[in-house]
Amino acid sequence: MNGTQVTVIGNVATEVTYALTPGGVPVANFRLASTERRFDRAREVWVDGETQWLTVTAWRSLAGHLIDSLAKGDPVVVSGRLRVREWAEGEAKRSRVEIDARSVGHDLSRGTSRFSWAAGGRGGVPEEAGDGAGAAFGEAVPGWIVDALRGRRAVAGGDGPAAEGESGGDA
């Protein structure tokens, strides 16, 4: 895979948004704030440096996992391909730095987290939850994602597929 690979530590700065592309591919986005911390030897204190703002984009199963796992303010580690998007708005040129995420996880140097396998087991694609149709993840928006988008996600234990009676492979 060509491209600039990066790993960035920061905080989720916005709620995670979720959508399907016209081709039915799940995609999720959030803004990431990464603030440099450095030690000021003269004052003998840690100080915040400049904050870098990046957009994180995730595709397919990772997109669905972000909706159920991340909340605004969470400390995260994001790894993926660095991209700079440029466009014009009238006479003005605009740009945005993005990470096409390959992996996203909580920053465990700042807290704890508990992993649970997605419905469908290890490495599987989650099945549709709650509608009885059994549609694959990319074919319809699962009920647990709809609930998350409506603000009904639980803080502890989650309300994803495993909480709705699906076997998550979690012992």
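Please refer to the structure placed before this passage.
Because the structure is predicted, anything quoted here is derived from the model rather than measured. Every chain's residues receive numbers from 1 upward, in the order its sequence appears when written. Whole-chain, interface and lining totals are the exception, using all residues; otherwise, since this is a predicted model, local features are given only for residues with pLDDT of at least 70 and side-chain atom pairs are given and counted only at 80 or more. Processing note: side-chain calculations cover all non-hydrogen atoms of the structure and skip hydrogens and water entirely.

1. Section: the overall build of the chain
Next, step 1: The way it works is that DSSP assigns letters per residue, a run of H or I at least four long becomes a helix, a run of E at least two long becomes a strand, and they are numbered from the N terminus. Looking only at helices and strands, the chain has two helices and six strands in total.
Next, step 2: Reading the chain from its N end, one meets helices and strands in the order β-β-β-β-α-β-β-α.
Next, step 3: For the exposure calls, accessible area comes from a 1.4 Å probe over protein chains only, and a residue counts as buried if that area is under 20% of its type's maximum, exposed if over 50%, partly exposed in between. Residue burial in the chain is summarised as follows: out of 171 residues, 31% are buried.
Next, step 4: By definition, residues are in contact when any of their heavy atoms lie within 4.5 Å. Within the chain, contacts between residues separated by at least 24 positions form 57% of all contacts whose residues are at least 6 apart in sequence.
Next, step 5: Accessible surface for the chain amounts to roughly 10700 Å². Of this, 48% is attributable to carbon and sulfur atoms. The method behind every accessible area is Shrake-Rupley, applied with a 1.4 Å probe, and residues are considered shielded solely by the protein chains displayed.

2. Topic: the packing of aromatic side chains
Next, step 1: Classification of ring pairs uses Phe, Tyr and Trp, with its six-membered ring standing for Trp, and accepts pairs whose centres are within 6.5 Å; under 30 degrees between planes counts as stacked, over 60 as edge-to-face, and the remaining range as tilted. Counted by the stated rule, this structure contains two aromatic pairs.
Next, step 2: Ring geometry for F39 against W46: centres 5.5 Å apart, planes inclined by 65°, an arrangement best described as edge-to-face.
Next, step 3: Using a relative accessible area of 53% as the deciding quantity, one classes W46 as exposed.
Next, step 4: Consider the rings of F115 and W117, whose centres lie 5.0 Å apart with planes at 90°: the pair is edge-to-face.

3. Some words on the pairing of strand β3 (residues 26-40)
Next, step 1: Note: strand β1 (residues 4-12) against β3, two bridges, orientation antiparallel. Paired with N11 across the bridge in β3 is A33.
Next, step 2: When DSSP finds two or more bridges between two strands, those strands count as paired. Relative to β3, strand β2 (residues 17-20) runs antiparallel, the two sharing four bridges. Across the sheet, residue L20 finds its bridge partner in β3, namely P26.

4. Side note on the pairing of strand β6 (residues 92-106)
Next, step 1: As defined by bridge partners, strand β4 (residues 45-59) adjoins β6 across three bridges and the pair is classed as parallel. Residue pairing across strands places T55 opposite E98, the latter belonging to β6.
Next, step 2: Relative to β6, strand β5 (residues 75-89) runs antiparallel, the two sharing 14 bridges. Residue V78 lies in a different strand from β6, and its bridge partner there is V104.

5. Focus on the pattern of salt bridges
Next, step 1: Note on definitions: salt bridges are taken to be side-chain nitrogens of Lys or Arg within 4 Å of carboxyl oxygens of Asp or Glu. For the coordinates displayed, the defined rule picks out six salt bridges.
Next, step 2: In the salt-bridge network here, residues are joined through shared partners; they are R85, R96 and E98.

6. Some points on unusual backbone geometry
Next, step 1: Positive phi, normally seen in glycine, also occurs at E44, with a value near 55°.
Next, step 2: Among the secondary structure elements, E44 is positioned in the loop between β3 and β4.

7. Concerning the side chain of E98
Next, step 1: Here E98 is to be found in strand β6.
Next, step 2: Two N or O atoms count as a polar contact when they lie within 3.5 Å, although within protein this holds only if one can serve as hydrogen donor and the other as acceptor, and sequence-adjacent residues are included solely when both atoms are side-chain atoms. Here the side chain of E98 touches R96 through a polar contact of 2.8 Å, side chain to side chain.

8. Examining the nonpolar core
Next, step 1: Buried Ala, Val, Leu, Ile, Met, Phe, Trp, Tyr and Cys residues that are joined via side-chain atoms within 4.5 Å together make up what is termed a nonpolar core. Counting 21 residues, the largest nonpolar core has V16, F30, L32, L66, L70, V78 and A101 as its most contacted members.
Next, step 2: Those elements giving two or more residues to this core turn out to be β1, β3, β4, α1 (60-69), β5 and β6.
Next, step 3: When residues of this core are assigned to their parent elements, the largest contribution, four residues, is made by α1.
Next, step 4: With sequence-adjacent residues up to four places away left out, A101 is seen in contact with V56, T57, A58, L62, V78, S79 and G80.

Just distances and angles here, no functional claims.
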